[in-house]
Amino acid sequence: PIVLNAFSSVSAMESGDIAFTRLYNIQKSRYDNLFEKSKDTHIILSREAMELFARTGKQEDHFFLIRPYTPQERVIILSNLLEKMQTCPNFHIWYIRNSSITIDKEITGYENYALAIVQSGTSWNIGSDHQEILLESKLVASCFSDYYLNHLLKNDVCSFKENIAIMRELIEIAKSAE
């Protein structure tokens, strides 16, 4: 409901429109799938990007048809992620430890099939600043997966305990935000 409210308050579509309903249902299914699927999901984030979200309600790649989330909504979102980190065995959020690693792209691996590479800091408005590429290569996806699982997750992220502490700190930042 938080995304639904944020989306409907900015969008030209009304919540009863077929296009709006379809878009919301796609997003809801994608969100639910993060926690319900039987395969691992590993998300590496920068603390700075999440602090920006906690303070402003906007992500670095905030979708242009969604208003910034309110402080109360941010607390709910971050609290829900914290709970899922602790209770969903296949859902993992990791914060980057090594400040020498710059995250300026979003890279999504699709089961050793393909990689999606998206420029960070865009609004997902294809007519404006959004760029992305999909590399459909099993070899490239497999190499990336190996690097991600066997190097990044082993050497460059905070421990589970540290990640939980960071998430709690972000919740406190969101509580004190305006």
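The rules behind these values
- Residues numbered from 1 in each chain as written.
- Predicted model: local features only at pLDDT ≥ 70, side-chain atom pairs only at ≥ 80, totals over all residues.
- Heavy atoms only, no water.
- Axes fitted to C-alpha atoms, helices over the stretch in contact; angles between N-to-C directions.
- Helix = DSSP H or I, 4+ residues; strand = E, 2+ residues; numbered from the N terminus.
- Parallel < 35°, antiparallel > 145°, perpendicular 65-115°, else oblique.
- Left-handed = near helix turned anticlockwise from the far one by under 90°.
- Contact = heavy atoms within 4.5 Å.
- Nonpolar A, V, L, I, M, F, W, Y, C, P; charged D, E, K, R; others polar.
- Salt bridge = Lys/Arg side-chain N within 4 Å of Asp/Glu carboxyl O.
- Core = buried A, V, L, I, M, F, W, Y, C linked by side-chain atoms within 4.5 Å.
- Buried < 20%, exposed > 50% of the residue type's maximum accessible area, 1.4 Å probe, protein only.
- Pairing = 2+ DSSP bridges.

Caption draft 1: Structural context of the packing of helix α4 (residues 71-87) against helix α6 (residues 160-176). Taken N-terminus to C-terminus, the directions of α4 and α6 make an angle of 165 degrees; their axes are 8 Å apart at the nearest point. When the axis of α4 is compared with that of α6, the two are roughly antiparallel. Crossing geometry of α4 relative to α6 is assigned as left-handed. Contacts between α4 and α6 involve Pro 71, Arg 74, Val 75, Leu 78, Ser 79, Leu 81, Leu 82, Met 85 and Gln 86 from the first element and Phe 160, Asn 163, Ile 164, Met 167, Arg 168, Leu 170, Ile 171, Ala 174 and Lys 175 from the second. Looking at side-chain class alone, the contact of α4 with α6 contains 12 nonpolar, 3 polar and 3 charged residues.

Caption draft 2: Representation of the pattern of salt bridges in the model. Under the criterion given, the structure shown has 7 salt bridges. Close ionic contact of Arg 55 with Glu 51 constitutes a salt bridge, the shortest N to O distance being 3.4 Å. In this pair, Arg 55 and Glu 51 both sit in helix α3 (residues 47-56), 4 residues apart, roughly one turn of the helix. Across the pair Arg 67 and Glu 73 runs a salt bridge whose closest N-O atoms are separated by 2.9 Å. Each member of the salt-bridge network shares a partner with another, and the members are Arg 47, Glu 51, Arg 55 and Glu 169.

Caption draft 3: Structural view of the nonpolar core. In this structure, Leu 78, Phe 91, Ile 93, Tyr 95, Met 167 and Leu 170 are the most contacted members of the largest nonpolar core, which totals 23 residues. At the level of secondary structure, the elements contributing two or more residues to this core comprise α3, α4, β2 (91-95) and α6. Sorting elements by how many residues they give to this core places α6 first, with 7 residues. Other than its neighbours up to four places away in sequence, Leu 170 contacts Met 50, Glu 51, Ala 54, Leu 78 and Tyr 95.

Caption draft 4: Here's a closer look at the environment of Gln 131. Residue position: Gln 131 is located in the loop between β4 (114-119) and β5 (132-135). Taking the C-alpha atoms as reference, Gln 131 lies 6.1 Å from Val 118; in sequence the two are 13 residues apart. Contacts of Gln 131, omitting those with residues within four sequence positions, involve Ile 117, Val 118 and Gln 119.

Caption draft 5: Inspection of the pairing of β2 at higher detail. Counting buried residues in β2 gives 5 out of 5 residues, a clear majority hidden from the surface. The alternating pattern of β2 places Phe 91, Ile 93 and Tyr 95 on one face and His 92 and Trp 94 on the opposite face, and all of these are buried. Inspection of the sheet shows strand β1 (residues 41-45) paired to β2 by 5 bridges, in the parallel sense. What sits directly across from His 42, in β2, is His 92.

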